[in-house]
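Chain by chain, the residues:
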Amino acid sequence: MATNDTIADMLTRIRNATLARHQVTAIPATNMTLNIARVLKQEGYIADFEEVGEGIDRRLMLALKYQGKTRQPIITKLKRVSRPGLRVYSNHKELPRVLGGIGIAIISTSKGIMTDREARKQGVGGEVLCFIY
């Protein structure tokens, strides 16, 4: 099933997989989901990801991370901010801080997809895609 909002779809799949304590989840691969997965790995929210399949059947396999004996998910909350019906943009001075810097906001900038911290450092603003903590 093709969705208009690939980012919301990705966040929902990760949310469902962590709630069900899955080790791995599959997400349709697009350039956007690939870049978001890259940021999630870089920030330590997922263990790893790899691209499988070819052409229209490309999928991203995300290895999810849990902590402790009770296997609490590392990702506790995923929130879509900007959506197709209501885009949310922010300049570098007004980029949101998620939980006072504990969480991350993923921003789509002219220099690519990055965290709010990275965007502040580079002095670029952009579209606020989602919050993760």
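Residues numbered from 1 in each chain as written. Predicted model: local features only at pLDDT ≥ 70, side-chain atom pairs only at ≥ 80, totals over all residues. Heavy atoms only, no water.

Participant: So what's going on with the overall build of the protein chain? Residues and values would help.
Facilitator: Helix and strand content of the protein chain: three helices and ten strands. Its C-alpha atoms give the protein chain a radius of gyration of 15 Å, near enough to 14 Å, the size a compact globule of 133 residues would have. Dimensions of the protein chain, computed from the C-alpha atoms along their principal axes, are close to 40 × 40 × 25 Å. Across the 133 residues of the protein chain, 39% fall into the buried class. In the protein chain, once contacts between residues fewer than 6 apart in sequence are set aside, the share between residues at least 24 apart is 59%. As displayed, the protein chain offers around 7600 Å² of accessible surface, 50% of which is attributable to carbon and sulfur atoms. Side-chain charges of the protein chain comprise 21 positive and 12 negative groups, with the mean position of each set lying 8 Å from the other. (Helix = DSSP H or I, 4+ residues; strand = E, 2+ residues; numbered from the N terminus. Rg over C-alpha atoms; globule rule 2.2 N^0.38 Å. Buried < 20%, exposed > 50% of the residue type's maximum accessible area, 1.4 Å probe, protein only. Contact = heavy atoms within 4.5 Å. Areas by Shrake-Rupley, 256 points an atom, 1.4 Å probe, with all protein chains shown as cover. Lys, Arg positive; Asp, Glu negative; His and termini not counted. Charge placed at Lys NZ, Arg CZ, Asp CG, Glu CD.)

Participant: Please provide a residue-by-residue account of the sheet that holds strand β3 (residues 59-64), values included.
Facilitator: One open sheet accounts for three strands, arranged β1-β3-β2; its pairing is antiparallel. The sheet is open, and its two edges are formed by β1 (24-28) and β2 (46-52), each paired on a single side. Averaged over neighbouring strand pairs, the angle between their axes works out to 25° when direction is ignored. Here β2 runs beside β3; their pairing, made up of six bridges, is antiparallel. By the bridge assignment for β3, Ile46 is matched with Leu64. Strands in contact with helix α2 (residues 31-42) are β1, β2 and β3; relative to β2, the strand with the most contacts, it is inclined by about 155°. (Pairing = 2+ DSSP bridges. Axes fitted to C-alpha atoms, helices over the stretch in contact; angles between N-to-C directions.)

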